[in-house]
Amino acid sequence: MIDRLRFPVDPWKLIETAPSIDDVGVTETLFSVGNGYLGLRGNQPEGRHAHEYGTFVNGLHEIFPIQHAERAYGFAEVGQTIVNAPDAKVMRVYVDDEPLAFDVADLREYERVLDFKTGVLSRHLIWVTASGKEVRIGYERLVPFQEKHIAVMRITVEVLNSDAPVTVSCQLINRQDGQDVYGGTPTAPRKAGFDPRKSDQLKDRVLLPQEYWQDGLRSALSYQVKDSGMTVSVVADSSIETGDEYDVRTLVEPDIAKDVFRVQAKQGVPLTVTKIVAYHTSRGVPARELVERGRRTLDRVREVGVDTLFAQQAAWMEAFWDRSDVVIEGHDTLQQATRWCLFQIAQAAARADGMGVPAKGVSGSGYSGHYFWDTEIYILPFLAYTTPLWARNALRMRYHMLAAARKRAAKLNEAGALFPWRTINGEEASAYYAAGTAQYHINADIAFALAKYVRATGDEDFLYREGIDIAVETARMWMTLGFWRFDEDGEPDAFHIHGVTGPDEYTTVVNDNLFTNVMARFNLRFAARAVRDMADDDPRAYAHMISRLGLDPAEVDTWDAAADAMMIPYSEALGIHPQDAVFLEKEVWDLENTPDDQRPLLLNFHPLVIYRYQVLKQADVVLALFLQGNHFTDAEKLANFEYYDPLTTGDSTLSAVVQAILAAEVGYQDLALEYFTEAIFVDIADLHHNAADGVHVASAGGVWTALVSGFGGMRDYYGELSFDPRLPASWPSLGYVIHWQGTRLDVHLTKDELRITAGEGDAVPFTVRGDKFTVSAGETITVPLADQGVLIAGRPTLGELAESRREDGSMLSASIPTATVATVVPTVTGAVPIITAASPIADD
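Residues numbered from 1 in each chain as written. Predicted model: local features only at pLDDT ≥ 70, side-chain atom pairs only at ≥ 80, totals over all residues. Heavy atoms only, no water.

Caption draft 1: Representation of the overall build of the chain. Scanning the chain for helices and strands turns up 18 helices and 33 strands. For 844 residues, the compact-globule formula gives about 28 Å, and the C-alpha radius of gyration of the chain, at 28 Å, lands near that figure. For the chain, the C-alpha atoms occupy an extent of roughly 95 × 75 × 65 Å along the three principal directions. Taken across its 844 residues, the chain has 60% of its residues classed as buried. In the chain, of all internal contacts separated by at least 6 residues, the share reaching a separation of at least 24 is 68%. Put simply, the chain shows about 31,200 Å² of open surface, and 50% of that area lies on carbon and sulfur atoms. (Helix = DSSP H or I, 4+ residues; strand = E, 2+ residues; numbered from the N terminus. Rg over C-alpha atoms; globule rule 2.2 N^0.38 Å. Buried < 20%, exposed > 50% of the residue type's maximum accessible area, 1.4 Å probe, protein only. Contact = heavy atoms within 4.5 Å. Areas by Shrake-Rupley, 256 points an atom, 1.4 Å probe, with all protein chains shown as cover.)

Here's what the structure looks like:
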């Protein structure tokens, strides 16, 4: 599905050999650069023909009242959406006053490259003007990881066959609040129809001009966000290097600043214009102070020099790949996509520095720049095992949200803290509670991530100082959300959790969702163990925690009791775990016969239609089987996977990576590779047709987990490292690096052996398929492998459910919603009845 002439395979680069304005939204995402704080979409420097002129600063947002058609107590009231910051990318080139414009330009050469080794976006082209002048233009764009506030752009122009007047117009433009000088829209227009995955768009002016000025070739614009009160400044230095004569014209207004270099270019004499830009934002500092910060940033960078920034970036990237790379031998196509995904995680998380990791990173406005549970479940494992500092920073974001989470819990009549389903500033921003606020499992997801980080790193200092507050307050919430049922003797029988939504957003507000209950059980047990360990290991910190949180030690015992009695649904008749208490009572949606033009379901069917069926947006039970796999038998995992896989639409990009992991574990290894391939190309091949909205960062994080945990077979249940590999038959080898409690482990897998080499640090115990080993610093341990696990051909299908019966003896049947009235009574003849129709109306 990828044009490999236009996007050739290179294991260390993403390359484009021909420009196109037809898919410009996708390429803007694919060629975006960022560092977790600042992100620039891959807009061409000419500043025209864009899908979205995107410059995003993590956390820079506006608020607005959420308009509910019918209000109710406790609904989220104030929405948040990321603000498109002033655009500094424009460096427009004119030759003979003719602009370079990609819709009409005669380009004889063109190549755009995102280099994973250097972390630099570059472009080379040769343009022949209407008057026959051949012009070579080189361009580089850098958002350094070490200088989080900085962006660098450098353009070189050389007229090859003639003298000619050349103009380079460097601009800062506030596009958020209106059209640019050519009438371009500030953000991508919506397609017909509604898509909840896109950002909220604001109609009124958002950025209110504050201080703006020019001083020589230094320009400054600054703004206050109208209702959130946040401030942002952009300060830029421009400079030129040329042996030819030139002059400079400048302009500054509240929403635009220009440095226009006019050069009398001689044949063969290059000119280079460099622009260094500093972005600063704040939730409380006046814009004038941010401008001063920008001045200081630029002064410091100017002393260091631009070439030094490029060299530092290359060194930073070398260190990143040394501790993070995953090597798939013999498959450059997969290798290229893997490294693109890992690079995107770095661009989304590296310098988030205590902010969250938005669902689209800083590459686009999709999902309004919000933080979700994606961070903890899909992104944090990569961070914890490769760069633990980034994981700690992401968890500290949740710690700083505790005050708002406590208020939210109280609003919903719960104890402890309830973290928001989607947010930027810590307040709940989900306007649809059924598929948003009701996903209480986010509390357990955060506690799970905290436990994974502490166990992988041994960072008990963070746990005892800040993390323990998260563990305790999330556990408290489960104790009031859930309730006890008693047996006929009045004794506690089971602990239930009702009125919640699991990860599958096609099934909402249910009782005893399996994923929620399993994860809540983990949350309660982890919190109890952490409190008791703290009492033994650090009595002073424990005493402070008891006082700070008002914790009665007896409360901890109730957590263990609830966890031990947690209701875990199970169907004896089908031999599977129902997704919730009534899931199996619903009709099965016949996905195998659902037309492609009715997918994804969320854009073609009313939620009430979807909610009536056994159909999944994404893995739910299957995700629980992975995260809490030590609580399920191999037979249970296989049975559950075979039941739920045919019901899973994959309408969420979070689904394929999880399905790949479980498919590999239970034996569907060809299917696992199919799901993995879907996940790894979700953006590069635009498989969900929304890559233009920004990178699917969680899916990129899941790609790493699919490689390391799916095919590499790594697990860390109970804080114990184990391996049970599932190397695809077509892969000669797989290599990856993880860091376990300060010790680097290089893991190399072939079909015949697993080899682990330890770096400096403490010895690391681990198991391979139950056999125990310990690897010491500088040592290599090689474990022979008899095979790569069970092999099951094909994939599970609805037809395999033909003879299945529910607990009440009724048979399962499958259909598609239709408005057609049946004229005969359907019969069951030993196969799953399939009722096909096209109308997206309920069939009741």
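Moving on from the model shown.
Caption draft 2: Spotlight on the nonpolar core. By size, the foremost hydrophobic cluster in this structure holds 230 residues, and its most contacted members are W373, W559, F676, F723, W731 and I738. Looking at this core, the element that brings in the most residues is helix α10 (residues 514-537), giving 13 residues. Setting aside chain neighbours within four positions, we find W731 in contact with I328, H331, L334, L673, F676, L707 and F711. In this structure, V235, A278, L298 and F310 belong to the second largest nonpolar core, which totals 15 residues. (Core = buried A, V, L, I, M, F, W, Y, C linked by side-chain atoms within 4.5 Å.)

Caption draft 3: Looking closely at the side chain of D580. Along the polypeptide, D580 turns up in the loop between α12 (553-564) and β22 (587-589). The side chain of D580 sits in the buried core without any salt bridge; K586 is the nearest counter-charge, 5.0 Å away. If we skip the residues at most four places from it in the chain, D580 touches T507, V510, N511, D512 and N513. (Lys, Arg positive; Asp, Glu negative; His and termini not counted. Salt bridge = Lys/Arg side-chain N within 4 Å of Asp/Glu carboxyl O.)

Caption draft 4: Looking closely at the sheet that holds strand β6 (residues 91-95). If you trace the five strands from one edge of the open sheet to the other, you get β7-β6-β12-β17-β16, paired in antiparallel fashion. Pairing within the sheet leaves two strands with one partner each, and these edge strands are β7 (98-99) and β16 (246-253). Sheet topology note: the β16/strand β17 (residues 256-265) ladder contains eight bridges and is antiparallel. Its bridge partner lying in β17, D247 is registered against R262. (Pairing = 2+ DSSP bridges.)

Caption draft 5: Fine view of the packing of α10 against α12. It is at 8 Å that the axes of α10 and α12 come closest, and there the two elements cross at 150°. In terms of orientation, α10 lies roughly antiparallel with respect to α12. Two packed elements cross with a definite hand, and for α10 against α12 that hand is left-handed. Mapping the contact onto sequence places R521, L524, R525, A527, A528, V531 and R532 in α10 and V556, D557, W559, D560, A562, A563 and D564 in α12. When grouped by side-chain class, the residues that make up the contact of α10 with α12 number eight nonpolar, no polar and six charged. (Axes fitted to C-alpha atoms, helices over the stretch in contact; angles between N-to-C directions. Parallel < 35°, antiparallel > 145°, perpendicular 65-115°, else oblique. Left-handed = near helix turned anticlockwise from the far one by under 90°. Nonpolar A, V, L, I, M, F, W, Y, C, P; charged D, E, K, R; others polar.)

Caption draft 6: Examining a negative patch on the surface more closely. A grouping of E460, D533, D536 and D537 is seen on the molecular surface, where their side chains present a negatively charged patch. The element contributing the most residues to the negative patch is α10, with three residues. Looking at the element boundaries, D533 is found in helix α10. Accessibility expressed as a relative area gives 34% for D533, which makes it partly exposed. (Patch = residues over 30% accessible without salt bridge, like charges linked within 9 Å, V, L, I, M, F, W, Y side chains within 5 Å. Charge placed at Lys NZ, Arg CZ, Asp CG, Glu CD.)

Caption draft 7: Structural detail: the sheet that holds strand β2 (residues 33-34). Spatial ordering of the open sheet is given by β2-β3-β4-β5, a layout of four strands whose pairing is antiparallel. The sheet is open, and its two borders are formed by β2 and β5 (78-84), each paired with just one other strand. In the sheet, strand β3 (residues 38-40) pairs with strand β4 (residues 55-65) via three bridges, with the strands oriented antiparallel. Residue L40 lies in a different strand from β4, and its bridge partner there is T55.

Caption draft 8: Expanded view of the packing of aromatic side chains. The tally for this structure, following the rule as stated, stands at 32 aromatic pairs. For the ring pair F766 and F773, a centre distance of 5.6 Å and an interplane angle of 25° mean the geometry is stacked. Overall, the relative accessible area of 2% leaves F766 in the buried class. Under the relative-accessibility criterion, F773 is labelled partly exposed at 25%. (Phe/Tyr/Trp six-rings, centres within 6.5 Å; stacked < 30°, edge-to-face > 60°.)

Caption draft 9: Representation of the confidence of the model for the chain in the model. Summing up the model confidence of the chain, the mean pLDDT is 94 and the portion of residues at 70 or higher is 94%. Considering only residues more than four positions removed or in separate chains, one finds that residues 178-192, a stretch of pLDDT under 50, has 29 contacts. Segment residues 828-844: pLDDT under 50, and 45 contacts once partners within four positions in sequence are set aside and those in other chains are kept. (pLDDT = per-residue confidence, 0-100.)

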